[in-house]
Each structure stands twice: as structure tokens, then as C-alpha cells.
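# Structural overview
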Amino acid sequence: MKGALEDHAVQAQKGVPQAELHSTDIPLELVRNASSRDHARPTGTAALGVGARSLLPPSPGGASEAASGLRTIAVVSRIQSPAGDSKVVSAAGGGAAGSGGNGSGRFSEPLALHPDHTRELPEQVIERKCSHQPSPTRRSGPGLGLGCWTGPEGLDSTPDGLTNTEGTFSRPSCFGYPVSIFFIVINEFCERFSYYGMRAILILYFQSFLHWNDNLSTAIYHTFVALCYLTPILGALIADSWLGKFKTIVSLSIVYTIGQVVIAVSSINDLVDFNHDGNPDNISVHVALSMVGLALIALGTGGIKPCVSAFGGDQFEKGQEKQRNRFFSIFYLAINAGSLLSTIITPMLRVQECGIHSKKACYPLAFGVPAALMAVSLIVFVIGSGMYKKVQPQGNVMAKVARCIGFAIKNRVKHRSKKFPKREHWLDWANEKYDEQLISQIKMVTRVMFLYIPLPMFWALFDQQGSRWTLQATTMNGKIGIIEIQPDQMQTVNAILIVILVPIMDAVVYPLIAKCGFNFTSLKKMTVGMFLASMAFVAAAIVQVEIEKTLPVFPKGNEVQIKVLNIGNDSMNISFPGKTETLNPMHQTSDFMTFSADKLTSINISSTGSPPTPVKDFEQGHRHILLVWAPNKYQVVKDGLNQKPENGKNGIRFVNTLAESFSVTMGEEIYENVTSHNASEYHFFSSGRKSFTINSSEIAQHCGNEFETSYLEFGSAYTYVITRKDNGCLEPIVVEDISPNTVSMALQIPQYFLLTCGEVVFSVTGLEFSYSQAPSNMKSVLQAGWLLTVAAGNFIVLIVAGAGSFSEQWAEYVLFAGLLLVVSVIFAVMARFYTYVSPAEIEAQFDTDEKKKYPEESNPYPKLDSDLQTQL
């Protein structure tokens with residue numbers, strides 16, 4: 001419903017220069033929708049808020065409040081009532097028309113009129129500058145009040161859809177930054193906490209709760225991670241062509257939160273444990289819920305990835321490039337702060353025991369906390385809704401781009417003859433069908449995408465922190481001073497260094513380089529980042545060489561390793577090819593001896609006065625322990641360890657020298673039915689002292705059955721031989737199978753430092769570069785392309801690691817370092833020929849040219865009457 005402006009006798013207020021009053025026309029509907037308190041009421045007049053603060057005469061200090069430089073909008077209307085009289089009403093102030101008003105800067109009464117009381121007549125709007133300083137509302141002419149639209153915190157701003165002269169929104173700020181970005185940063189911190197906290201314990205959940213083997217657990221884990229980096233394409237399409245960034249983030253965050261809740265529910269042990277025995281009666285229910293939850297999480301986290309950082313960049317205005325660049329650093333800092341805290345906290349929650357009917361590892365709590373943080377992330381983001389600058393989606397950009405590129409290629413092929421003149425760019429062959437602005441935008445995107453081609457190699461090295469470098473840490477000693485860390489916790493070094501290095505780089509290093517007069521552009525920073533990552537892998541190779549000097553030798557495919565342990569009461573003679581050793585009771589050979597399988601015919605066991613007994617039951621490529629207790633009584637036990645225990649854990653097994661079987665309980669692990677003169681399998685434990693209990697009918701009542709291990713370090717393996725002492729009590733004798741790691745994990749810190757420095761100057765800069773070089777309607781698409789380079793990098797790891805069979809791990813590190821070094825040189829050459837552009841200026845130029853070409857269409861509303869303009 002529209003009102004009619006009929007009174008042309010509007011007098012300009014004293015003290016307000018006419019230069020500060022401008023005329024334009026906008027639909028009244030825009031103003032009506034601008035107020036959240038805008039509700040229709042059936043009255044004969046439309047009473048509008050008034051707050052004519054800026055129309056006061058100059059203050060005693062001589063400064064006019066109207067000269068503050070902030071734009072606002074006042075809507076002035078005189079509406080014909082049913083009685084025939086006319087009433088002047090106005091919008092954008094604090095009180096009712098013709099009254100003192102409340103000066104709050106918001107509509108105090110509804111704008112809409114009852115349909116029976118008005119007729120459709122044109123309305124007009126006066127734009128003026130006004131002050132954000134509070135002052136009493138004054139009347140402006142007979143029955144007319146004019147005032148300012150003020151946004152949150154009393155700052156002047158314009159409603160959605162209305163802009164000031166510069167085309168920007170006046171929004172609340174803090175320390176020169178839009179207040180809205182603080183909601184975005186908090187949202188990102190909580191979301192990253194949720195994601196990394198869940199992912200930190202995911203593979204252990206697969207193994208210990210769902211009871212999947214290592215191969216299946218690893219396959220599902222990496223499939224999930226891959227989906228998280230592929231779904232950004234979908235998120236970008238939804239944001240840029242349908243919902244816009246804000247609605248996409250909210251919608252997919254809801255999906256994300258539901259996924260986190262589902263996987264938390266799937267980890268409740270009592271969910272289908274109907275007989276209360278501590279084990280789920282139907283594990284497929286847990287598997288199904290887990291897969292549904294992970295699918296929703298992958299869709300949610302991947303879908304919002306390209307939107308959040310780009311949405312944050314949207315909040316800054318022209319002239320805030322410095323603040324925007326620093327925002328990306330703060331944004332990246334929030335990511336790493338969230339990941340750091342979550343990877344420390346969620347494993348601590350996992351090791352707690354909880355349950356209704358049986359106590360198990362508390363996966364529901366460990367998954368539940370990330371789910372709660374994701375809900376907090378969503379709530380915080382929605383709370384800031386009123387402060388965001390929301391750029392509307394501009395159509396199906398991807399489809400337009402694809403059609404334009406396809407047409408250009410098709411047209412170029414059709415006109416490949418020499419008689420057709422060449423064009424400056426291959427995309428110019430689309431000029432016949434597509435407008436010049438779209439072609440220009442696609443050129444910007446393709447030029448940046450071309451620079452993306454070498455980038456996956458960086459991520460190929462970077463993501464090996466969670467694989468190769470963690471495996472390297474399993475062969476090292478985690479005792480660093482008074483601190484003791486596990487191999488998988490070394491990844492937190494990266495997050496800690498990020499928190500430290502991002503502000504240092506931003507506040508110290510970059511300004512120092514600028515003062516030295518060096519033009520350290522974004523692409524130069526990225527090149528340096530790639531070089532530093534390459535050097536990190538050189539450092540990793542050096543550490544690996546030192547580690548391999550201390551590693552035990554394991555058998556190759558055609559070799560056999562044997563250790564002999566005499567668990568009898570008499571000495572035994574053991575004859576190997578080329579030598580013979582005598583072993584006293586409860587003694588062993590010095591170490592595992594290596595033999596070629598084709599040359600090892602047999603090993604002979606004998607004692608004084610007894611014939612030798614040959615032993616031949618050895619399997620190629622494995623370690624064996626030969627238990628002997630009489631010349632013709634022995635047991636060959638395949639070791640089962642062909643490498644250092646994984647994750648820096650310690651392997652422990654038991655040998656039974658008693659006449660009857662026994663069981664051993666060590667922590668949550670149970671060695672069931674260890675038969676007489678035989679050995680159990682290895683079970684693995686973290687560092688520290690462990691208590692164990694032996695359950696056997698042979699234990700006398702006056703003897704204890706509880707014992708304690710020696711201090712377990714990292715990566716060791718021991719055999720505990722259970723014997724009987726002279727007093728009839730049991731005694732464990734420790735035999736070392738694999739010595740603990742001796743190279744300190746502290747030696748990994750230099751490679752983490754180099755890689756993190758590379759990440760700071762590569763990844764943070766890459767995010768900012770992608771945003772700054774992207775057209776306004778393709779920013780999320782370019783962000784998705786950036787994330788796709790991460791997925792491509794993971795595929796490179798699979799290809800290189802699968803294609804190359806390296807006998808030494810350090811050689812693979814050197815290969816990756818060399819590949820990235822070559823790629824960084826190629827990228828530096830590509831960057832040398834890249835020309836930085838300002839998409840906003842290019843698009844603004846197109847808009848200016850369009851207005852010059854079609855001046856009549858630049859303003860779709862009728863101009864004000866010339867007499868009214870003169871009076872205003």
C-alpha cells in the first residue's frame with residue numbers, strides 16, 4: 001500500500017545547508033520492510049517515527065550536527081484520510097509525526113495503512129546527512145518531523161537495500177573492524193573445535209567401538225576426510241546461485257549439528273545392549289548411525305567451508321583492505337586455536353569411563369562436546385544476523401561460466417581458419433553471445449585457477465603431519481624434559497606454533513619487510529611458503545636418518561629371525577648354522593639372529609647325554625621365539641612384530657612356565673588362557689608403569705597375584721616369563737624383545753617450525769589472495785577451488801607413496817622435498833607474469849559505462865517535481 005505526497009510546501013530547516021539535502025525516489029515498501037516493528041494497523045493515518053536530530057540549528061560550538069558526514073533517509077508523506085483532510089507523516093525518526101518523539105532512531109509506530117484508507121499515489125524520499133549524536137527531537141514545519149535511521153548501538157546506518165552515496169553501509173564497528181566479524185570468528189572457532197575434536201578420536205572409535213580392522217578403519221576415515229574437501233563445490237553452488245552465503249551457512253550448520261548429534265548417539269554403548277553385558281547386541285545399528293552422522297558432517301563442514309571466510313571478507317568496505325587482511329589472519333588463528341584445544345580435550349574425555357549398565361570408554365561425551373560446540377557455533381552466528389552485510393546471490397554463476405567457456409571454445413574451433421583475425425584472449429570468442437562484464441569476470445577466475453595448478457603439492461606435504469610424521473614419531477622417545485607426550489599429540493605443535501606465529505608475522509615480520517622497501521606480494525609470500533615446506537621435509541629426512549641408526553633390524557621376505565629362550569631347569573645346547581650356544585635356565589640368546597631361509601636347514605636342541613632334536617617350523621619374513629625346556633620339548637612362537645609398535649605404544653606378552661593355564665588382566669586388556677609352556681600374543685600399552693593380575697589355581701594362598709611392570713617408555717616390546725620361586729610363589733622375569741626409542745621427539749620441532757612458517761605465509765595469504773582477486777559473484781566458487789587443492793594434494797600422497805617402493809623412509813621425504821622445490825620454482829615463474837587486479841573497480845567501471853550508455857534506465861523511479869527540488 002502506498003501513500004501520497006501532496007504537500008510541496010516543505011520548508012528547509014534553518015541551519016541545514018541545502019547542499020546536504022538530496023532528492024531521490026524509492027519504493028515505500030523498502031522502508032516499510034526495514035523496521036522489525038513494522039506491523040499494519042487499521043487507522044486512518046500512518047504515524048511514523050520522528051527524530052529530527054540533525055535538523056537543529058548549529059550547536060553553540062559552531063559545528064552543525066548535520067555536518068557529521070553520515071547518511072540517513074527520511075521518508076516524508078502527506079496522506080489523504082477518508083475524511084478528506086491530509087496529514088503529513090514522516091519516517092526514519094524516533095517519535096510520532098508532529099510530536100516530540102523518543103529520539104531512539106527507530107520507528108515507534110507502524111508504517112502500513114489500512115487498505116480502505118488510502119489510494120495508490122507516488123511517494124518520495126528525501127535523503128540527507130545527519131548526526132549520530134543524540135539530541136532532542138524537534139518539529140519541522142507544520143505537523144512534520146524529520147529524523148535519522150539509526151542502527152545498533154546508536155550508530156547511523158541504512159536499512160537493507162538502501163545505501164549511502166558511496167554505495168556502502170554504515171555499520172557498527174569496534175577498533176576499526178565491523179562488529180559482525182567477531183561473531184564470524186567465534187563461529188569459526190567453535191566449528192573447528194567441533195570438527196577437529198570429532199576427527200581426533202574417530203579412527204579409535206572405528207577400531208575399539210565398531211571393532212573394525214586397521215585397513216577398514218583407515219579407508220573409511222580417509223573417505224570421510226575426502227568428502228569434507230569435495231563438498232565445498234556444492235556449498236559454493238548453493239551460496240552463489242541460490243541461498244546466498246548467510247542462509248547457506250545457517251542451513252548447512254543445522255545439518256552439521258544434526259550429524260554431530262547422530263554420531264554422538266551412535267557411540268552410546270547401552271543403545272542396543274539389551275542384555276547389559278557391555279557389548280552392543282546389534283552393532284549394525286551403531287554402524288548405520290555412524291555413517292549417517294559422518295555423511296551429514298561431511299556435507300555440513302564442507303558446504304560451509306567456502307562460505308564462511310568469504311562471508312567475513314564481505315563485511316569490509318572499500319578502504320578497509322588492511323583490516324580485511326588482518327581479519328584473515330585472525331580467522332586462521334581461530335581455526336588453529338579451535339583445533340589445538342579440541343585435540344587436547346577430546347582425547348582426555350575419551351579415556352574417561354561412562355555408561356548406564358556398564359562402564360566403557362566415554363565416546364558419547366567425547367563426541368557430545370564437539371556436538372555442543374557446533375550448536376554454540378550456530379547460535380552465535382545467528383545472533384549476529386542483524387549486523388551482517390549480506391550480499392545477495394546473483395544467479396547460477398557456475399552454469400553461466402560453464403556455458404560461456406563452452407561457447408568460447410566452440411566458437412574458437414569453428415573460426416580457427418587464418419582468415420579470421422585473432423583475439424586478445426581465447427574467452428573473447430564468447431563476445432558474440434555473452435556480455436563483456438561476465439567474460440571479464442571469468443577471465444579473472446580462470447587466471448587465478450591457473451595459479452592453483454601447482455598448489456596441491458604443498459598440501460601433499462602438509463597433510464603428512466597426520467600420517468608419515470606421526471608414524472615417524474612412533475619410533476621416537478616422547479619424554480621431553482618433564483613433559484611426556486604421545487606420538488599423535490605431536491600434531492598439536494603445529495597448532496601451537498600457528499597461534500604464536502600468525503600475530504608475529506602480521507604485526508612484526510610483514511611490516512618490517514615493508515619498511516625495508518621490499519614488495520612482498522601475496523604470490524611471493526606463497527612461493528616462500530612452498531620453499532619452507534620443502535625444507536621441512538629435508539629436516540624430516542635428516543631426523544629419519546638418525547632414527548634408522550637406532551631401529552632394530554626386522555627380517556625381509558626371504559629371511560628368518562630367531563631368538564631362543566630356555567624356560568626349563570637344565571642347560572641346553574642350541575646349534576645354529578655355523579655356531580653353537582649353551583643357554584642356562586631362564587636365559588636367552590643375546591638378540592634375534594637373522595638367517596636366510598634357503599640356508600637354514602634346521603636348528604638342533606640337545607643337552608648332556610641326549611641326542612639332538614631338529615627344529616624346522618619357521619616362517620619366512622617373521623620373527624620367532626623358540627621356547628625350550630627339554631631336549632625333545634620345545635615350542636616355536638611366531639613373534640607377530642615386524643615393525644616398531646604403532647603410536648609409540650609398548651608390546652607386552654606373557655610366557656607360561658607352569659603346569660596349568662592362567663589368565664592375566666592388565667588394565668582393560670585380558671590375556672585369556674595362556675597355556676602351559678606357551679606364549680600369549682602381544683597386547684599394547686601406553687607409556688608408564690602398569691599393574692597386572694595373574695589368575696591361576698596354582699597360586700598359593702600366602703602368595704600375592706598382583707604385580708607391576710617396569711617403567712614403559714616408547715616403542716618397546718617385552719616378554720614376561722612367569723616362573724615359580726623356591727617358596728612356591730610366582731615371579732615374573734622380564735625379557736626385552738625390542739628396545740625403547742632413544743631419539744627424542746623434540747628433534748621433530750624444527751621440521752614442524754619450518755612447515756608451520758610455510759603454512760602461515762602460504763595458507764593465510766592464499767585465502768586473502770583468493771578473496772581479493774575474485775569477482776563479487778564468484779568468491780565462494782574460488783574459495784571452493786582453493787579447498788579442492790587440498791583434496792588433490794591427498795591424492796598425490798597416495799600416488800607417490802603407492803608408486804614408489806622405498807626401502808628407506810628418508811628417501812621418500814627427500815623425494816617429496818624435491819618435488820615441492822621444483823613446483824615452487826614453477827609457481828614463482830607463473831606468479832612473475834600474473835597481474836593483480838581489483839575486481840571491484842573493474843565491475844564499477846562496467847556499471848559506470850552501462851549508466852552512460854543507458855542514462856534513462858539508471859533511475860527506475862520518476863524524478864521529483866522541479867519546484868519541489870528547488871524548495872528542498
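Residues numbered from 1 in each chain as written. Predicted model: local features only at pLDDT ≥ 70, side-chain atom pairs only at ≥ 80, totals over all residues. Heavy atoms only, no water.

### Re the overall build of the protein chain
Secondary structure summary: the protein chain contains 19 helices and 28 strands in total. Roughly 39800 Å² of accessible area belongs to the protein chain as shown, and the carbon and sulfur atoms make up 58% of that amount. (Helix = DSSP H or I, 4+ residues; strand = E, 2+ residues; numbered from the N terminus. Areas by Shrake-Rupley, 256 points an atom, 1.4 Å probe, with all protein chains shown as cover.)

### So, the packing of helix α2 (residues 180–200) against helix α6 (residues 283–314)
The geometry of α2 relative to α6 is characterised by a closest axis approach of 11 Å and an angle of 150 degrees between their N-to-C directions. Considering the angle they form, α2 stands roughly antiparallel to α6. Remark: the crossing between α2 and α6 carries left-handed chirality. In this structure, α2 contributes I181, I184, N187, E188, E191, R192, Y195 and M198 to the contact, and α6 contributes L294, I297, T301, I304, K305, V308, F311 and G312. In terms of residue class, the contact of α2 with α6 is built from nine nonpolar, three polar and four charged. (Axes fitted to C-alpha atoms, helices over the stretch in contact; angles between N-to-C directions. Parallel < 35°, antiparallel > 145°, perpendicular 65-115°, else oblique. Left-handed = near helix turned anticlockwise from the far one by under 90°. Contact = heavy atoms within 4.5 Å. Nonpolar A, V, L, I, M, F, W, Y, C, P; charged D, E, K, R; others polar.)

### A word on the sheet that holds strand β17 (residues 613–615)
Judged by pairing direction, the sheet is antiparallel, and its four strands sit side by side in the order β13-β12-β16-β17 without closing on themselves. If you trace the sheet from one side to the other, it starts and ends with β13 (579–583) and β17, each paired once. Along the sheet, successive strands turn relative to each other by an average axial angle of 25 degrees, direction set aside. (Pairing = 2+ DSSP bridges.)

### Some thoughts on the sheet that holds strand β25 (residues 691–695)
Two pairing modes exist for strands in a sheet, parallel and antiparallel, and in both the strands are linked by backbone hydrogen bonds. One open sheet accounts for four strands, arranged β22-β21-β25-β26; its pairing is antiparallel. Among the strands making up the open sheet, the edge pair consists of β22 (669–674) and β26 (706–708). Neighbour-to-neighbour, the strand axes of this sheet turn through a mean angle of 20 degrees, independent of strand direction. Relative to β26, β25 runs antiparallel, the two sharing three bridges. Considered in β26, the bridge of T693 is made with E706.

### Some points on unusual backbone geometry
Positive phi, close to 60 degrees, is recorded for M586, a residue that is not glycine. With respect to the secondary-structure elements, M586 resides in the loop between β13 and β14 (587–588). For N673, which is not a glycine, the phi torsion comes out positive at approximately 50 degrees. Relative to the helices and strands, N673 is located in strand β22.

### Some details on the pattern of salt bridges
The tally for this structure, following the rule as stated, stands at 15 salt bridges. Of the charged contacts, one joins R192 and E188 as a salt bridge, the two residues approaching to 4.0 Å between their closest N and O atoms. Of this pair, R192 and E188 are both found in helix α2, four residues apart, which corresponds to roughly one turn of the helix. Take R192 and E188: they sit in the same class, and that class is buried. Measuring nitrogen to oxygen at the nearest pair gives 3.3 Å for the salt bridge that ties K389 to E317. Residue K389 is found in the loop between α8 (363–383) and α9 (397–414), and its partner E317 is found in the loop between α6 and α7 (321–350); the two are separated by 72 residues along the sequence. Assessed through its relative accessible area of 16%, E317 is described here as buried. (Salt bridge = Lys/Arg side-chain N within 4 Å of Asp/Glu carboxyl O. Buried < 20%, exposed > 50% of the residue type's maximum accessible area, 1.4 Å probe, protein only.)

### Structural notes on a negative patch on the surface
On the surface, D435, E436, D847, D849 and E850 cluster together into a patch of negative charge. Per-element accounting of the negative patch gives the leading share, three residues, to helix α18 (residues 839–853). Among the structural elements, D847 can be located in helix α18. (Patch = residues over 30% accessible without salt bridge, like charges linked within 9 Å, V, L, I, M, F, W, Y side chains within 5 Å. Lys, Arg positive; Asp, Glu negative; His and termini not counted. Charge placed at Lys NZ, Arg CZ, Asp CG, Glu CD.)

### Remarks on the pairing of strand β20 (residues 650–656)
Successive residues of a regular strand alternate their side chains across the two faces of the sheet. Summarising burial for β20: seven of the seven residues are buried, a large majority. In β20, alternate side chains face the same way, and those of N650, I652, F654 and N656 on one face and G651, R653 and V655 on the other are all buried. Note: β20 against strand β24 (residues 683–685), three bridges, orientation antiparallel. Looking across to β24, one finds that N650 is bridged to F685. In this sheet, strand β27 (residues 717–724) lies alongside β20 in parallel orientation, the contact comprising six bridges. Looking at the pairing, F654 lines up with Y720 of β27.

### Remarks on a positive patch on the surface
Together, K400, R403, K410, K414 and K433 line one region of the surface with positive charge. Looking at where K433 falls in the secondary structure, it is placed in the loop between α9 and α10 (436–452). On the accessibility criterion, K433 (55% relative accessible area) is exposed.

### Brief notes about the nonpolar core
Within the largest apolar cluster, 129 residues are counted, with the highest numbers of intra-cluster contacts made by L202, F224, F367 and W786. Counting residues per element, this core draws most heavily on helix α14 (residues 522–548), which supplies eleven residues. Leaving out residues up to four positions away in the same chain, L202 has contacts with Y221, F224, I263, L294 and F367. F654, F692, Y720 and C729 belong to the second-largest nonpolar core, a separate cluster that totals 20 residues. (Core = buried A, V, L, I, M, F, W, Y, C linked by side-chain atoms within 4.5 Å.)

### Here's the deal with α9
For α9, which comprises 18 residues, the first-to-last C-alpha distance of 25 Å matches the rise-based estimate of 26 Å (1.5 Å per residue) to within 8%. Those residues of α9 that fall on the buried side of the exposure criterion are V397, V401, C404, A408 and N411. The buried residues of α9 all sit within an arc of 110 degrees when viewed along its axis, so they share a single face. Summarising the geometry of α9, the exposed residues directed more than 90 degrees from the buried face are K410 and K414. Along its buried surface, α9 packs onto α5 (232–266) and α10. (Expected span 1.5 Å × (residues − 1). Arc of directions from axis to C-beta.)

### As for a nonpolar patch on the surface
Taken together, the side chains of I496, V499, I500, I504 and V508 make up a nonpolar region of the molecular surface, amounting to roughly 370 Å² of accessible area. Residue placement: V499 occurs in helix α13 (residues 492–515).

### Side note on the pairing of strand β28 (residues 730–738)
Relative to β28, β27 runs antiparallel, the two being bridged by eight bridges. Pairing of T723 across the sheet is with E731, part of β28. Two successive antiparallel strands, β27 and β28, enclose a turn made up of five residues, where G728 displays a positive phi of approximately 90 degrees.

### Considerations on the confidence of the model for the protein chain
In low-pLDDT segments, the atomic positions of the prediction should not be examined closely. The pLDDT averaged across the protein chain works out to 75; a share of 75% of its residues lies at or above 70. The secondary structure element of the protein chain with the lowest average pLDDT is strand β4 (residues 124–130), at 35, and the one with the highest is α8, at 94. Segment residues 861–872 is flagged for pLDDT under 50; beyond a separation of four residues in sequence, or across chains, it makes 27 contacts in the model. (pLDDT = per-residue confidence, 0-100.)

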